[in-house]
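An overview of the molecular structure
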Amino acid sequence: MKELILEMEDYAQEKNVPIIEKKSIAFIMKYIKDNNVKNILEIGSAIGYSAILMASSTPDVFVTTIERDEERYMECLKNVKKCGLDKKINVVFQDALDVFLSEDLKYDLIFIDAAKGQYMKYFEKYKYFLKDNGAIITDNLKFHGYVGKKDKIESKNLRGLVEKIENYIEFLKDNKEFDTSFYDIGDGLSVSKWKNEK
Ligand code: SAM
């Protein structure tokens, strides 16, 4: 398992696949243990690095992870099988904004880690699948240090993306339904919970 994780880190670096920072996944794994998390929904699997680590946090946690890129989806499936976690991880090959989930199953944890410009859409779509005491964790809120420094960015595309992340942060801060804590860990994380745990 440790070897596979190292292999995945090398693969991600070689092929330029963005994966979560070590400190951030350690924070999430601790959250899973401390909060008795059983069901996780991940938006953005890439090659399965975070899904595999989350699924191996405790013996009885189950992860559904969604990926829209075919090559990464296939690599994710391969990695999940290799480490024998195929009974604990369900990999879905689809755009997360098109996925239809049954409302019968609600999640203890929803981890948003896909296209940064769509964070608000994922949040609004998937909040209905969050348990009353569940949490939505979002990664990359610092976006490699660019967030808060929009005016210094020359590329129009990058500036637009950073603006969307800044808007998402404001959306979380002003949200009437959720309380959000922000953590200066890795590339910046947030944990959002229903106000008054409904
Ligand atoms: N969570 C992964 C990890 O830490 O190992 C990293 C995920 S990577 C930052 C983001 C992934 O989200 C990419 O592989 C990308 O193809 C995928 N993605 C982007 N937008 C998506 C969408 N709308 N639906 C599904 N996957 C998406």
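Residues numbered from 1 in each chain as written. Predicted model: local features only at pLDDT ≥ 70, side-chain atom pairs only at ≥ 80, totals over all residues. Heavy atoms only, no water.

Overview of helix α4 (residues 70–82)
- Taking 1.5 Å of rise per residue, 13 residues should cover 18 Å, and α4 covers 18 Å from first to last C-alpha, within 8% of that figure.
- When we look at burial in α4, the residues that qualify are Y73, E75, C76, N79 and V80. Axial view of α4: buried residues confined to an arc of 165 degrees, hence all on one face. Set apart from the buried face of α4 by more than 90 degrees, the exposed residues are E71, K81 and K82.
- Buried positions along α4 lie against α1 (2–15), α3 (49–55), β2 (62–67) and β3 (89–93).
- One side-chain oxygen of the residue at the start of α4 lies 3.2 Å from the amide nitrogen of E71, identifying that residue as D69.
- Backbone geometry just after α4 places G84 at a positive phi near 70 degrees. (Helix = DSSP H or I, 4+ residues; strand = E, 2+ residues; numbered from the N terminus. Expected span 1.5 Å × (residues − 1). Buried < 20%, exposed > 50% of the residue type's maximum accessible area, 1.4 Å probe, protein only. Arc of directions from axis to C-beta. Contact = heavy atoms within 4.5 Å. Polar contact = N/O pair within 3.5 Å; in protein donor to acceptor, adjacent residues only side chain to side chain.)

Observations concerning the pairing of strand β1 (residues 39–43)
- Counted residue by residue, β1 has five buried out of five residues, so it is predominantly covered.
- What you see with β1 is no split at all: N39, L41 and I43 on one side and I40 and E42 on the other are buried throughout.
- Sheet topology places β1 next to β2; five bridges connect them, and they run parallel. Across the sheet, E42 pairs through a bridge with T65, a residue of β2. (Pairing = 2+ DSSP bridges.)

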